[in-house]
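# Report on the structure
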Amino acid sequence: MRRGRGVTRDIEVDYDEHATTVTGQEHEAAGVKAVMVSLQRSVKSMGPFRTAASLVRLNQRKGFDCPGCAWPEEHGGRKFAEFCENGAKAVAEEATKRVVTPEFFERHSITDLEGRPEYWLSQQGRLTHPMVLRAGDDHYRPIDWADAYRLIADELRALDDPDGAVFYTSGRTSNEAAFLYQLLVRSFGTNNLPDCSNMCHESSGAALTESIGIGKGSVTIADVTEADLIIVAGQNPGTNHPRMLSSLEKAKDNGAKIIAINPLPEAGLIRFKDPQKVNGVVGHGVPIADEFVQIRLGGDMALFAGLGRLLLEADDRAPGTVVDREFIADHCANFDEYERRTRAIDLDTVVEATGIDRVQLEQVARMLADSERTVACWAMGLTQHKHAVAMIAEISNLLLLRGMIGKPGAGLCPVRGHSNVQGDRTMGIWEKMPETFLSALDQRFGITSPREDGLDTVGSIRAMRDGRAKVFIAMGGNFALATPDTAVTEAALRNCALTVQVSTKLNRSHVVHGKTALILPSLGRTDRDVQASGKQQVSVEDSMSMVHLSRGSLHPPGEEVRSEVAIVCQLARELLGPAHPVPWETFNDDYDAIRDAIGAVVPGCADYNAKVRAPDGFQLPHGPRDSREFPTHTGKANFAVYPLEWVPVPEGRLVLQTLRSHDQYNTTIYGLDDRYRGVRGGRRVVFVNPADIAAFGLSEGSRVDLVSEFADADGGVSERRAKDFMVVPYSTPVGNAAAYYPETNSLVALDNVAEKSNTPVSKAVVIRFEPASAAEDLVSGSSWDA
Ligand SMILES: Nc1nc2c(c(=O)[nH]1)N[C@H]1C(S)=C(S)[C@@H](COP(=O)(O)OP(=O)(O)OC[C@H]3O[C@@H](n4cnc5c(=O)[nH]c(N)nc54)[C@H](O)[C@@H]3O)O[C@H]1N2
Ligand SMILES: Nc1nc2c(c(=O)[nH]1)N[C@H]1C(S)=C(S)[C@@H](COP(=O)(O)OP(=O)(O)OC[C@H]3O[C@@H](n4cnc5c(=O)[nH]c(N)nc54)[C@H](O)[C@@H]3O)O[C@H]1N2
Ligand SMILES: [Mo]
């Protein structure tokens with residue numbers, strides 16, 4: 001057995017939660033410190049050679065797409081270093097020289113690994129060999145690829161019904177791999193294709209499809225820099241989309257105003273130093289937000305509806321100056337109902353729901369009324385609420401009212417997370433793809449796709465919990481830890497006959513397993529991918545529907561690591577047999593053949609091979625953006641009217657949001673510091689308003705358990721506990737707290753989901769504090785339990 005090429009010893013990480021320290025919050029994001037941090041991390045993880053080789057190719061035309069986030073690259077003259085601190089960290093995590101080999105699994109039993117914190121698992125390095133954990137064994141053992149495929153095929157064929165299998169996708173999978181994966185799954189006979197998007201921007205997709213007829217944003221990068229007003233709601237770009245700050249700064253240089261709507265004064269929103277500019281390196285940076293609206297959790301729908309009322313009234317005072325009547329008459333439906341409802345919005349209720357005062361409300365309304373080109377951006381702060389779909393529809397209503405869709409410098413901009421999450425959807429990763437897509441697929445390949453909707457993420461967990469689904473396969477991601485109700489999800493996975501993880505790095509989903517479990521190591525975005533016809537490239541779609549090529553160039557972590565495309569094709573051949581009409585082998589040998597098929601099946605992708613080869617790729621068509629055509633059920637843009645909802649804080653309780661620190665990529669923990677928020681050396685912290693700390697009789701540094709309360713369907717209240725968090729005083733609205741994901745996922749009830757999108761409600765969990773549980777081994781997996 002060949003070894004991997006890199007470091008094979010365990011990587012030890014310091015981990016003493018009780019040593020967490022809190023310093024002052026940093027108000028400036030990026031700057032020279034960010035460059036230093038990214039270089040230090042990169043060199044430590046990859047060594048100087050791979051650091052240089054990878055960072056010069058990051059987001060360049062002939063390079064690879066950053067696996068960090070889905071914010072677009074700027075076209076034309078890209079900067080030499082089109083990356084950010086956290087993009088560089090994401091690369092360093094993938095391109096690390098550390099490896100997890102069969103010897104590693106010999107050293108560590110499953111019982112041992114189960115007790116390790118995610119941080120430790122995350123840091124061990126890249127997986128190098130296919131491994132199997134057989135029923136009753138306590139170690140993963142090496143397995144040949146052919147045997148692994150046979151094992152999976154046997155388990156799948158043993159199911160009574162193809163719907164007994166679930167095929168998850170995380171958002172890093174390339175378009176080519178995603179297209180083949182859904183083709184395999186539908187050929188097998190199920191639409192059970194849950195993905196990370198179900199927990200992410202599903203609410204945006206649901207709201208926008210109803211409002212404008214397409215679940216994607218309507219702006220280009222040029223629109224952002226040409227806007228005169230940009231709303232950034234429920235998003236922390238300084239940490240999660242740092243390159244967006246450069247676009248915001250450019251917009252400001254052009255005279256734009258920025259309104260940040262957030263319960264927290266996030267560093268990047270307040271000030272930003274562009275490390276690529278001289279003044280960014282030495283100066284104090286630029287203030288980004290002109291208006292900071294410190295909103296209560298879940299108050300955004302009330303805010304947008306209240307602003308709608310103020311805009312209607314402003315138009316009454318100066319008719320025709322605020323409401324775009326022509327746009328509404330030509331392009332919109334349901335305006336009358338919107339107007340009636342919105343004029344009746346009680347502004348005292350808006351003040352109560354948002355926690356902001358009338359003066360600020362009116363100031364923001366004036367900024368909107370004065371703007372000629374408004375862009376609205378948002379992310380998880382809006383999508384992960386019970387009434388998220390209504391909330392996002394309300395922001396769309398505001399822009400429709402002002403005719404701010406389908407013209408330069410204006411539009412809707414849901415900012416996607418995973419670098420190819422939007423592309424995966426375009427390629428058919430969805431449990432309910434429309435009939436047009438399915439029939440095109442059937443026609444091209446001579447298969448019969450199932451027509452019944454499949455399971456989404458929450459539906460899949462329920463099905464596994466209840467024994468209706470027995471085989472779980474994941475194309476990337478960390479299902480055990482990214483999903484809600486950790487204890488329930490873990491039990492659901494353990495209930496499976498087989499769990500399969502196609503992964504780059506070790507994570508919790510490898511140690512929470514079905515009766516039999518497989519780890520299949522795959523190439524990542526940075527790795528060179530060579531197949532029978534030579535070196536391959538893949539394509540991806542960013543948050544603004546730009547599709548372009550990505551070419552990895554680094555030496556893969558081991559000879560047994562396969563591309564996701566190869567894994568899908570080989571499994572398909574084993575499962576579906578050589579007579580299957582899809583040319584799996586041709587696809588495996590030459591990804592151009594896959595792109596030809598994508599061109600024939602996926603709307604907007606005709607001539608795909610040629611178009612993705614253009615220097616900056618190509619933009620997918622988007623009716624509302626391109627020609628103010630709205631493919632909705634009314635054929636017009638719809639004002640969507642929902643009853644007003646917000647999130648009141650029950651007496652003696654807090655509403656908790658679960659969010660990302662500056663040192664993680666979703667469940668992959670890079671380190672224990674949240675530099676911008678001033679927390680060092682630990683993650684079990686809860687940010688609380690000083691007035692609440694006093695009211696609960698606590699003080700800075702107190703240790704508490706977080707106990708969530710959820711009203712179940714049967715009328716009872718169920719409780720969940722996350723143990724031993726340190727209280728940190730912080731600028732957050734009274735009644736609202738914040739703590740990190742995934743440590744707090746155990747608090748989110750599986751049934752606590754958004755209406756219409758079924759997205760887990762990760763940004764509004766009702767909790768109370770209890771004195772911290774007696775000291776115990778906090779790093780063990782058992783700390784999830786109630
Ligand atoms: N470095 C790094 N980059 C990433 C990721 C990562 O983990 N690390 N993850 C990627 C992924 S998959 C995604 S989806 C994105 C996530 O990007 P974000 O959406 O920025 O991620 P969160 O940390 O969940 O932050 C949510 C933000 O919304 C605010 N917020 C919470 N509730 C509300 C509310 O009710 N109203 C308003 N107005 N604001 C609210 C929070 O205070 C916080 O600033 O980032 C992507 N990029
Ligand atoms: N409480 C709470 N829960 C949340 C959220 C929240 O804000 N709060 N956010 C939600 C959101 S927005 C999202 S997107 C989900 C994220 O859910 P996931 O996408 O499932 O989780 P990640 O942590 O991004 O997955 C990391 C793993 O992916 C694998 N991986 C990385 N790159 C590749 C690759 O190129 N190929 C393959 N095959 N594997 C790869 C690695 O093994 C790594 O361990 O979590 C959701 N869960
Ligand atoms: Mo996400």
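Residues numbered from 1 in each chain as written. Chains lettered and ligands numbered in written order. Predicted model: local features only at pLDDT ≥ 70, side-chain atom pairs only at ≥ 80, totals over all residues. Heavy atoms only, no water.

This part takes up the domain arrangement of the protein. Domains assigned within the protein are domain 1 (99-198 + 420-621), domain 2 (202-414) and domain 3 (654-785). For domain 2 and domain 3, the distance between their C-alpha centres works out to 28 Å. Counting residues at the interface gives 24 residues for domain 2 and 28 residues for domain 3. For the domain 2 and domain 3 pair, buried surface summed over both sides reaches about 2100 Å², with 56% attributable to carbon and sulfur atoms. Ranking the residues of domain 2 by area buried against domain 3 places Leu297, Gln384 and Lys386 at the top, with a combined share of 30%. Counting the contacts that link domain 2 with domain 3 gives 3 salt bridges. (Domains from an automatic or database assignment. Contact = heavy atoms within 4.5 Å. Buried area = accessible area lost by both parts, 1.4 Å probe. Salt bridge = Lys/Arg side-chain N within 4 Å of Asp/Glu carboxyl O.)

Okay, the site of ligand 2 next. The local shell around ligand 2 holds 31 residues, among which Tyr168, Ser170, Ala482, Glu564 and Thr667 are the closest. Here a nitrogen atom of ligand 2 and a side-chain polar atom of Thr658 are 2.9 Å apart. In this structure, Arg660 approaches ligand 2 through a side-chain N or O atom, which is 3.1 Å from an oxygen atom. A per-class count over the shell around ligand 2 returns 9 nonpolar, 17 polar and 5 charged. Split by domain, the residues of the shell around ligand 2 number at least three in each of domain 1 (99-198 + 420-621) and domain 3 (654-785). (Near = heavy atom within 4 Å. Polar contact = N/O pair within 3.5 Å; in protein donor to acceptor, adjacent residues only side chain to side chain. Nonpolar A, V, L, I, M, F, W, Y, C, P; charged D, E, K, R; others polar.)

Look at helix α6 (residues 145-158) against helix α27 (residues 564-576): their axes get within 9 Å of each other, and the N-to-C directions meet at 55°. Taken together, the axes of α6 and α27 lie oblique to each other. As α6 packs across α27, the resulting crossing turns out to be right-handed. Of the residues in α27, those touching α6 at Trp145, Tyr149, Arg150, Ile152, Ala153, Leu156 and Arg157 are Ala566, Ile567, Gln570, Leu571, Glu574 and Leu575. In terms of residue class, the contact of α6 with α27 is built from 9 nonpolar, 1 polar and 3 charged. (Axes fitted to C-alpha atoms, helices over the stretch in contact; angles between N-to-C directions. Helix = DSSP H or I, 4+ residues; strand = E, 2+ residues; numbered from the N terminus. Parallel < 35°, antiparallel > 145°, perpendicular 65-115°, else oblique. Left-handed = near helix turned anticlockwise from the far one by under 90°.)

Our next topic: the nonpolar core. Grouped together as the largest cluster of nonpolar side chains are 65 residues, with contacts concentrated most on Leu156, Phe179, Leu180, Phe445, Trp584 and Phe587. The element contributing the most residues to this core is helix α7 (residues 175-188), with 9 residues. Other than its neighbours up to four places away in sequence, Phe179 contacts Met427, Leu441, Phe445, Ile594, Ala597, Ile598, Val601 and Val602. (Core = buried A, V, L, I, M, F, W, Y, C linked by side-chain atoms within 4.5 Å. Buried < 20%, exposed > 50% of the residue type's maximum accessible area, 1.4 Å probe, protein only.)

Scanning the entire structure with this criterion turns up 0 disulfides. The closest cysteine sulfur to the non-disulfide-bonded Cys196 is located on Cys200, 5.9 Å from its own sulfur. For Cys196, a relative accessible area of 10% translates into the label buried. (Disulfide = S-S within 2.5 Å.)

Lining the immediate environment of ligand 1, one finds 31 residues, of which Asn262, Glu266, Asp300, His385 and Asn666 sit closest. Take Glu266: an N or O atom from its side chain is 2.6 Å from an oxygen atom of ligand 1. A distance of 2.9 Å separates an oxygen atom of ligand 1 from a polar atom in the backbone of Met380. Calculation on ligand 1 without its partners gives an accessible area of 920 Å², and the protein chains cover 99% of this total. Elements represented by at least two residues in the shell around ligand 1 include exactly α10 (237-240), α19 (380-383), β25 (654-659) and β26 (664-665). Taken domain by domain, the makeup of the shell around ligand 1 includes at least three residues from each of domain 2 (202-414) and domain 3 (654-785). (Areas by Shrake-Rupley, 256 points an atom, 1.4 Å probe, with all protein chains shown as cover.)

What follows is about the packing of helix α22 (residues 435-445) against helix α29 (residues 591-601). For any two helices packed against each other, the geometry is given by the interaxial angle and the distance between the axes. Interhelical geometry of α22 versus α29 gives an angle of 130° and a closest axis separation of 9 Å. As summarised for this structure, α22 and α29 are arranged oblique, according to the angle between their axes. By crossing handedness, the relation of α22 to α29 is classed as right-handed. Contacts between α22 and α29 involve Phe437, Ala440, Leu441, Arg444 and Phe445 on the former and, on the latter, Asp596, Ala597, Ala600 and Val601. Considered class by class, the residues forming the contact of α22 with α29 number 7 nonpolar, no polar and 2 charged.

What follows concerns the UniProt feature "domain: Molybdopterin dinucleotide-binding" (unreviewed entry) in the protein. Under the UniProt annotation, the feature "domain: Molybdopterin dinucleotide-binding" (unreviewed entry) is placed at residues 654-764. For residues 654-764, the helix share is 5%, the strand share is 39%, and the end-to-end C-alpha distance is 9 Å. (UniProt positions renumbered as here; feature names shortened; annotations may be inferred.)

Another aspect to go through is the environment of Val13. Inspection of the secondary structure puts Val13 in the segment before β1 (21-22). Given a relative accessible area of 16%, Val13 falls into the buried group. Between the C-alpha atoms of Val13 and Ala463, which are 450 residues apart in sequence, the distance is 37 Å. If we skip the residues at most four places from it in the chain, Val13 touches Tyr119, Trp120 and Gln123.

A few words on the pairing of strand β8 (residues 229-233). In terms of residue burial, β8 counts as a mostly covered element, since 5 of its 5 residues are buried. The two faces of β8 match: Leu229, Ile231 and Ala233 on one face and Ile230 and Val232 on the other face are all buried. In the sheet, β8 pairs with strand β9 (residues 257-261) via 5 bridges, with the strands oriented parallel. Its bridge partner being in β9, Ile231 is matched across the sheet by Ile259. Sheet analysis places β8 next to strand β14 (residues 374-378), joined by 5 bridges and oriented parallel. (Pairing = 2+ DSSP bridges.)

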